[in-house]
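# A look at the structure
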Amino acid sequence: MAKPPQDVAELSHQYGPHPNFAPPGGWAKAAERPPDKLVKTHCSFCGMQCGIQLKVKDNQVVGFEPWEEFPFNKGMLCPKGVKRYLQGAHPDRLLHPLLRTDSGFRTATYAEALDYTAARLNEIKQKYGPDAIAIYGGASMVSEKAYVLGKFARVGVGTKNIDYNGRLCMVSAGTAYRLTFGIDRATNPWTDLAKADVILIAGSNTAECAPITTHYIWQMKERGGKLIVVDPRMTPITRNADLFLPVRPGTDLALFLAMLHVIVRDGLAAEAYIAAHTIGWDAVRDSARDWTPERAAKITGVPPDNIVKAAQWIGGTDRAMGIHARGIEHHSKGVENCLAMINLFLATGNMGREGAGCMMITGQGNGQGGREHGQKCDQLPGMRSITDPEHRRYIAGVWGVHESELPGPGLSAVEIMNAIHAGEIKALFSMCFNPVVSLPDSNFVREALDKLEFFGVIDFFMSETAHHADVVLAGSLQEEDEGIVCSAEGRVQKINKAADPPGEAKSDALIICDLAEKLGRGKYFQYPRGTQDIYEELRIASRGGLADYYGITWDRIEQELGVFWPCPSIDHPGTHRLFEGGRFYHKDGKAHFQVTEWRTTGDPPDAEFPILLTTGRVVSHYLSGTQTRRIGPLVEQYPEPKLELHPVLAAKFGIADGDWVKVTTRRSAVVVQAVVVKTIRPDTVFIPYHWPGKRGANRLTHRTLDPRSKIPEYKVSACRIEKVAEPPDLEELRMQETGWTGEVRELPSRAKGV
């Protein structure tokens, strides 16, 4: 059983997180040790993938320099990008494989750990069949690793059950884009934002989660453009909004339907464009007939006049753009939310031109590329379908196996955990995924992991999920790999290796290939040049698919500072902007309008749980916090989870700023400190989700899934709140979460201006 072999406090003390504040050798010696080289690469965090130059000294990343030439960020970086280098030589880095014992983990040789892992996987496969093994991947690793992991699951292990943590991020948007456009990619380059007359941002805390993107929004504003923001919270981007629509969590669909109603009512639909380039308009138009602004106002809490104004602004220009993120996607109707938003821009003809389109903000470092090449449960490389016979035959030919050997579609990430809990899946092998923190209903997740007969992990830090592992293989950071990523705008970019993995840590891709060898499937994983050879195979595997990389080489990426896909040949310029000329990616060349039907949340409020809880990110942290909760300056900025609530709601429960509050849902409860703010709806509370354990927000969230995208409904959970005393074990909780106990680090004299 995969239960932690030690108390969590003991594991945290031994393996972290511990905050790191200084580069190798410390600040005093930094100026005396000039770097051996500067390596042009990209940030390891969000989907913007900003260009950065890493300083390297003695095979360690010791700092950074701006990379002004890179076209997206032009040298600008957010707080996470500025401090990312502090994780490379971090004292918590795993330097050796670890095997669990009855009293904890012990170090093991690489060969011993591989032999043990292969033996356990083979035993379970022989006893229960290959589908009793599940594979988890991640969307923050280079595409070569995502590709080879998908191949490993299907060819090395033979299981259908592989999925990735991107299932928790962009899949509602991806599903909606495939349904409407026939392709899953942002429609425009980010530079187009500056040329828009109107931008609608829905469910995106853009200024904190994708800060550099605001550079283009400010340019739009300077030209006299209008900014509309849809969110239950007044996040920082709202300070510059011309119109703020404070939607009740879970009701975005009603808002978008009412906006479409106004567009039709006021004659703002682009009928000629619709007739020439789309199908399905009549049904969508009719579906909005009864969604008056007054009806939507009762559901959303947004005044009818503001709904009308937003619709008229979008319908009154041929240069309107939409940006959306998890705020409309993390719902049991996330696909419908995205479809309804897309319909607004398609209906007004705002598509396929400079300053006209609808774009998703990808959250993870390779969130776009990570979902293109085969680690999704229903997908093969090149965005091919695993159920399409022609697609299966092509990929089987590239991989050198018979089509009949490829398994069919498997379970999604949450469904895999459900199957583990039910005893249907017996073994799990996970890479760059921390489901104990990131999956909903984390108590259920821990119960499930405890039932596994084998659990193997590849990671560079000991995550909270790795506490449950039988074996932990020490893997690689982004700067220790070479490969490609795809940014949120569809630009394929090169990650250049800056340093070797420390100690006995290995490149993740090498570990996967070596494990395939141990499983007797090594002939399918022969890559003498490592990820370079993997990428060359990926190019061929993607050829002719929707996500066609065949014309994109590593050298070309370096020379052109990125190439937009699809790019089917070496002489193709890449596709910066999709749908120019009104040509879409369905076989008929048209966009397909999709009817959306209203339904309520999977966890509705009632008398016992009357308040709406929503969750999200803060500027200082990233995803489950495995990396950022170890970077000292980021921990200092936002050291622990807080509860945001409105003064009206706070007064109702006798809560003041700084009080401790117990938040209870139908699943569990957490105790966090209150931050009383006027920037949130009075019926809603907010907790960021980057922390583990007793204060983890995902103890509270529910496992309701969107039926098409299989994304969990993180953004709305019914809850109740009450004022309580400070937790008696607060200091220990802080140690387990970040290793930071509340004492602000004394800064060097120079930093204090002395």
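Described in the following lines is the structure provided in the data block.

Reading the values: the criteria
Residues numbered from 1 in each chain as written. Predicted model: local features only at pLDDT ≥ 70, side-chain atom pairs only at ≥ 80, totals over all residues. Heavy atoms only, no water. Helix = DSSP H or I, 4+ residues; strand = E, 2+ residues; numbered from the N terminus. Rg over C-alpha atoms; globule rule 2.2 N^0.38 Å. Contact = heavy atoms within 4.5 Å. Areas by Shrake-Rupley, 256 points an atom, 1.4 Å probe, with all protein chains shown as cover. Buried < 20%, exposed > 50% of the residue type's maximum accessible area, 1.4 Å probe, protein only. Pairing = 2+ DSSP bridges. Axes fitted to C-alpha atoms, helices over the stretch in contact; angles between N-to-C directions. Expected span 1.5 Å × (residues − 1). Patch = residues over 30% accessible without salt bridge, like charges linked within 9 Å, V, L, I, M, F, W, Y side chains within 5 Å. Salt bridge = Lys/Arg side-chain N within 4 Å of Asp/Glu carboxyl O. Lys, Arg positive; Asp, Glu negative; His and termini not counted. Charge placed at Lys NZ, Arg CZ, Asp CG, Glu CD. Parallel < 35°, antiparallel > 145°, perpendicular 65-115°, else oblique. Left-handed = near helix turned anticlockwise from the far one by under 90°. Nonpolar A, V, L, I, M, F, W, Y, C, P; charged D, E, K, R; others polar. Core = buried A, V, L, I, M, F, W, Y, C linked by side-chain atoms within 4.5 Å.

Regarding its fold elements, the protein presents 25 helices and 28 strands. A compact globule built from 754 residues would reach a C-alpha radius of gyration of about 27 Å, and the protein, at 25 Å, matches this within 12%. Each of the three principal axes of the protein carries a C-alpha extent, and together these read 70 × 65 × 55 Å. Counting only contacts in the protein whose residues sit at least 6 apart along the sequence, the fraction spanning at least 24 positions is 74%. Surface exposure of the protein reaches about 24,900 Å², of which carbon and sulfur atoms provide 50%.

By secondary structure assignment, the location of T362 is in the loop between strand 13 (357-360) and strand 14 (379-380). Relative accessible area serves as the criterion here: at 2%, T362 is assigned to the buried category. Placed 277 residues apart in sequence, T362 and Y85 show a C-alpha to C-alpha distance of 22 Å. Apart from the residues within four sequence positions on either side, T362 is in contact with G47, M48, M170, R326, G367, Q368, R371 and A488.

Before going further, it helps to examine the sheet that holds strand 5 (residues 104-107). Taken in spatial order, the seven strands of this open sheet run 5-4-18-17-16-6-7, and their pairing is mixed. Both outer strands of the open sheet, strand 5 and strand 7 (162-164), are each paired with one neighbouring strand and no more. Taking each pair of neighbouring strands and ignoring which way they run, the sheet shows an average axis angle of 20°. With five bridges connecting them, strand 16 (residues 427-431) and strand 17 (residues 454-459) associate as parallel partners.

This part takes up the sheet that holds strand 9 (residues 226-230). Strands sit in the order 10-9-8-12-13 across an open sheet of five strands; the sheet is parallel. Each edge of the sheet is formed by a strand with only one pairing partner; in this case those strands are strand 10 (243-245) and strand 13. Averaged over all adjacent pairs, the angle separating strand axes in this sheet is 15°, with direction ignored. Relative to strand 10, strand 9 runs parallel, the two being bridged by three bridges. Bridging from a neighbouring strand, V229 pairs with F244 of strand 10.

As for its placement among the helices and strands, T664 is situated in strand 25 (residues 660-664). In this view, T664 contacts F609, A669, A718, C719 and R720; residues no more than four positions away in its chain are not counted.

The peptide bond linking G16 to P17 adopts the cis configuration, its omega dihedral lying at 20°. Inspection of the secondary structure puts P17 in the loop between helix 1 (8-15) and helix 2 (27-30). Omega for the peptide link from W565 to P566 comes to 0°, which places this bond in the cis form. The residue P566 is located in the loop between strand 21 (563-564) and strand 22 (591-592) in this model.

Take helix 9 (residues 252-265) next. Here helix 9 contains 14 residues, and its C-alpha end-to-end distance of 20 Å stays within 8% of the 20 Å for a straight helix at 1.5 Å per residue. Judged by how many residues are buried, helix 9 sits mostly within the fold: 12 of 14 residues are covered. For helix 9, every residue scored as buried is listed here: D252, L253, A254, L255, F256, L257, A258, M259, L260, H261, V262 and I263. One or two positions beyond helix 9, positive phi appears at G267, with a value near 70°.

All right, on to a negative patch on the surface then. Among the surface-exposed residues, D7, E10, E731 and E732 lie close enough to one another that they form a single negatively charged patch. Note that E732 resides in helix 25 (residues 730-737). By relative accessible area, E732 is classed as partly exposed at 35%.

Because side chains alternate across strand 24 (residues 642-645), one face comprises the buried residues K642 and E644, and the other comprises L643 and L645, equally buried. As judged from the four bridges shared by strand 24 and strand 26 (residues 669-676), these two strands associate in the parallel manner. Its bridge partner lying in strand 26, E644 is registered against V675.

With that settled, the discussion passes to the packing of helix 17 (residues 413-421) against helix 19 (residues 442-450). Running from N to C, helix 17 and helix 19 cross one another at 55°; their axes reach a closest spacing of 8 Å. The angle between helix 17 and helix 19 falls in the class oblique. Both helix 17 and helix 19 take part in a crossing whose hand is left-handed. Contacts between helix 17 and helix 19 involve M417, N418, I420 and H421 from the former and F444, V445, E447, A448 and L449 from the latter. In terms of residue class, the contact of helix 17 with helix 19 is built from six nonpolar, two polar and one charged.

In this section: the nonpolar core. Counting 121 residues, the largest nonpolar core has F152, L200, F256, M259 and Y549 as its most contacted members. Leaving out residues up to four positions away in the same chain, Y549 has contacts with G369, E372, H373, I484, C486, V492, Y535, L538, R539, S542, W565 and C567. Counting 60 residues, the second largest nonpolar core, distinct from the first, contains I212, I361, Y622 and I655.

Along the chain, the position of R699 falls in the loop between strand 27 (684-688) and strand 28 (717-724). D441 is the oppositely charged side chain nearest to the buried, salt-bridge-free R699, at an N-O distance of 8.4 Å. When near neighbours in sequence (up to four residues on either side) are disregarded, R699 contacts D441, S442, N443, R446, R667, S668, A669, V670, G693 and K694.

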